[in-house]
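Architecture at a glance
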Amino acid sequence: MNISAKHHFRTYAPAPVTKEQIEHVEILFGGLHWRAEQVLQAVFANMGYNARPLPPAIKDDLLRGRELADIGQCCPTSFTTGNLANFLQGEADRMGASEVSDRYIHVTAGSCGACRFGQYHQSYELALRNIGLDSFRMFLIDQKQPEQGTSAGGGLDINMPLTVGAVWGILCTDVLQGLEYRTRPYEVQAGQTDAVVAECVAYLAEVFRTRPYRGRKWGTVAWHMSTGYFIKALREVFRKFEAIEVDRIRVKPIVKITGEFYLQTVEGDPNYNIHRWLESEGAEVYPAAIAVWLDYLIRCQLQKIEDYVGVEKGARAKLAALKGAQRLFRWSYNRMRAALGDIPFEMPDQYELRRLAAPYFHHRLSGGEGDMLVGKALWAHHKKKAHMICELSPYGCMPNTMSVGAMAGVTGKYPELLYAPIEVKGDAEVHALSRCQMILTEAKKRAIREFVEVMERTGLTPEEAKPLLEARSQMNRATYRIPHTGLAAGMAANTLLHLAGARPARQAP
Ligand code: SF4
C-alpha cells in the first residue's frame, strides 16, 4: 500500500453552488460587530443574495469548537468554529443534515501567513465532518482580492460591486460606532443612545439594500468614491443623534481597545463583553475601527511591493497606484467622519504607527495585527487619545503573544503608559476582568488628576461650567464636537478647556 498517496494532504474545496441553487440558498457569515453585520446582510441583498449573520458567538460555542476541531487552536478559531457548528447542528436536528447542506452555505474571509487565520476553514471542515455535515459548502473570500470572480458552479460571484459595497458598509458602521461610543457614556437619559443607534443601523441597512447599481468594474468604485449618497445617509444619522442630550462634565477615563482583530471587533462573550463592562465601570471606550485594519492590510501590501522596486518591471507604478488607492480610502473614511461632525475617532496614519513601533517590533513580522498593536498603544499614549490601553490577547495566539512581549519593552521605557493585556480564553472572565479593573482604577485616578489640573489651569469648576453649558445649549447635544486640545485625554477636561477657549496644542512628535 502506498501510505504517502493515501495520506496525502488535500486542501478544502467546496462542492459547486450553481446559479439555480443560489436562489434557494441562504449565505451565512459572521465575525464582526452587529452594526456591520446588519449592513453587510443588506449589501448581499442588494446583490441579489439571501444572507444572514450567524447568531452572536457564546461561551458554549467556544467549548463546542474545542471539542470538534483542534483543542490547541486560538480562541477566536474555537469560537467561530463552534458558532457555525452549533448553528448548523440545531438546523440539522430540525430539518435533517441533507436539507441543511442544500439550504445554507458559509462565506468567510481567508488569508495566508503566519497565523491561524489562513486555516479557519480547515477547522470548520473538520468540525462539520465530526457532526456529519461533510457535504456542507464553505467559500473563502480572499481579503486581498476585491474581485475573485464566480465560485465553482457559478452561483456566487465575488465581484467589485459586492466588495466595494461591503467596504463602504464597514466604513459607515465604523463611524457610526465611533459616534455611539463618544455619546453613550455621557447620555442624560439612559438607553437613549442604544435606541437611536438601533434606528440608525436599520436605516443604513435600507440605504445599502437600495444602493443603485453603477456597473461591475471601476465605474462602481468611482461612484462610491464620489457620490453623496452615503454622506447624505450619514447626515440623516447625525440628525437622529441630535435628539440625545449629554452631560460631558462626567469625569471618565478613556480606554482604547486594541488586540487581535476578532476579539477587538465583536461585542459579546468572545471578549467577555468588555466594551459594555468598561462602560458599566465608568469608562469611555475607544473602540477598534475595522477601517484601521483594512488600512493596515493596504500598508502590508505596499511594504511587499516596495521590495520589488528596481527589481521587477512595473513595481514602481504598482506602488504609486496602491499608494493612491490608500489615500482615497482614507479620504473616504474622513469624508464619512466629517458627515458625523468629525466626532468619531480619527484613523491613525499607518506610517506613523510603523515608526512608533519600529524600536520594538519589526514591521515585516506579519500575523495578527503585527507591529500595529505596539504602534497604536504608543500613538494613543503620546497624543493623549486615551488614559489606558486594553489589549485583548487570545489564548493560543502566537502573533499576539509576540506583541505582548514587545510591549514589555515599551512599558519599560514609558512606565506611565497604562497597559492592560487581557488574555482571553473565553472561560476565565473573572480573572481577566479583575486584571483589567486594577489598571482601570489607575486610569480613573489619572482622569481625575488631569481634570483637577485643567480646573486649575482654566479657573473653572464643574459648578461654574454648568451655567456656561446651559447658556450654550447646543453643547449639551450629542452632535456638538468638543475639540481634542492635545492637552488632556478626557472628555470632561477637554470640555472645560473648550469653555475656557483653549486652543489645540501642538502635537508631540
Ligand atoms: S491573530 Fe491570533 S487569534 Fe487571530 S487568527 Fe491569528 S493566531 Fe488566531
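Conventions used here
- Residues numbered from 1 in each chain as written.
- Predicted model: local features only at pLDDT ≥ 70, side-chain atom pairs only at ≥ 80, totals over all residues.
- Domains from an automatic or database assignment.
- Helix = DSSP H or I, 4+ residues; strand = E, 2+ residues; numbered from the N terminus.
- Nonpolar A, V, L, I, M, F, W, Y, C, P; charged D, E, K, R; others polar.
- Pairing = 2+ DSSP bridges.
- Axes fitted to C-alpha atoms, helices over the stretch in contact; angles between N-to-C directions.
- Contact = placed C-beta atoms within 7 Å.
- Buried ≥ 20, exposed ≤ 12 C-beta atoms within 10 Å, placed from the backbone.
- Core = buried A, V, L, I, M, F, W, Y, C linked by C-beta atoms within 7 Å.
- Parallel < 35°, antiparallel > 145°, perpendicular 65-115°, else oblique.
- Left-handed = near helix turned anticlockwise from the far one by under 90°.
- Near = placed C-beta within 6 Å.

**Considering the domain arrangement of the protein chain**
Split into domains, the protein chain comes out as domain 1 (10–148) and domain 2 (251–288 + 364–509). One C-alpha centre belongs to domain 1, the other to domain 2; they are set 34 Å apart. Within the residue set of the side of domain 1 that touches domain 2, elements represented by two or more residues are helix H4 (59–68) and helix H5 (75–95). Take the side of domain 1 that touches domain 2: its biggest share by element is three residues, from H5. Residues that form the side of domain 1 that touches domain 2 fall into these classes: eleven nonpolar, five polar and one charged.

**Let's talk about the environment of Gly 370**
As for its position among the elements, Gly 370 is in the loop between helix H16 (350–357) and helix H17 (372–382). The sequence separation of Gly 370 and Ile 71 amounts to 299 residues, and the corresponding C-alpha distance is 24 Å.

**Looking at the sheet that holds strand E8 (residues 284–286)**
Spatial strand order, E8-E7-E9-E10: four strands in an open sheet with parallel pairing. Looking at which strands have only one partner, the edges of the open sheet turn out to be E8 and strand E10 (418–424). Adjacent strand axes in the sheet meet at a mean angle of 25° when their direction is disregarded. Two strands pair when backbone bridges link them, and strand E7 (residues 254–259) and E8 are joined in this way by three bridges, in the parallel orientation. Pairing of Ile 254 across the sheet is with Glu 284, part of E8. Seen against the sheet, H17 touches E7, strand E9 (388–394) and E10 and runs at an angle of roughly 170° to E7. Sheet strands in contact with helix H19 (residues 429–458) are E7, E9 and E10, and its direction is about 170° off that of E10.

**With respect to the pairing of E7**
In terms of residue burial, E7 counts as a mostly covered element, since six of its six residues are buried. Here E7 shows no split at all, with Ile 254, Lys 256 and Thr 258 on one side and Val 255, Ile 257 and Gly 259 on the other all buried. Pairing analysis gives five bridges linking E7 to E9, with the strands arranged parallel. Looking at the pairing, Val 255 lines up with Met 388 of E9.

**Some points on the nonpolar core**
Membership of the largest hydrophobic core comes to 131 residues, with the highest contact counts inside it found for Val 39, Cys 172, Leu 204 and Val 255. Among the elements that make up this core, the one with the highest residue count is helix H8 (residues 160–183) (eleven residues). Taken together, domain 1 (10–148) and domain 2 (251–288 + 364–509) each give at least three residues to this core, which thus spans both. The residues touching Val 255, leaving out its near neighbours within four places in the chain, are Leu 278, Ala 283, Val 285, Tyr 286, Ala 386, Met 388, Cys 390, Leu 440 and Ala 443.

**Some details on the environment of Leu 392**
Mapped onto the fold, Leu 392 is located in strand E9. Take Leu 392: there are 29 C-beta atoms within 10 Å of it, and that puts it in the buried class. For the pair Leu 392 and Leu 263, spaced 129 residues apart in the sequence, the C-alpha separation amounts to 6.3 Å. What Leu 392 contacts, discounting residues up to four positions off in sequence, is Ile 257, Gly 259, Glu 260, Leu 263, Gln 264, Asn 271, Ile 274, Ile 422 and Val 424.

**Comments concerning the packing of H8 against helix H9 (residues 192–209)**
Contact pair H8 / H9: the axes reach a minimum separation of 11 Å and the direction vectors enclose 165°. When the axis of H8 is compared with that of H9, the two are roughly antiparallel. In this structure, H8 crosses over H9, and the sense of that crossing is right-handed. Between H8 and H9, the contacting residues are Gly 165, Gly 169, Cys 172, Thr 173, Leu 176, Glu 180 and Thr 183 on the first element and Thr 193, Val 197, Cys 200, Leu 204 and Phe 208 on the second. For the contact of H8 with H9, the per-class residue count stands at six nonpolar, five polar and one charged.

**Quick look at the site of the ligand**
For the ligand, the set of nearby residues contains 13 residues, the closest of which are Cys 74, Cys 115, Arg 116, Gly 368 and Cys 397. Those elements that place two or more of their residues in the shell around the ligand are H5 and helix H18 (398–413). In terms of residue count, the dominant contributor to the shell around the ligand is H18 (three residues). Among the residues forming the shell around the ligand, the class breakdown is eight nonpolar, three polar and two charged.

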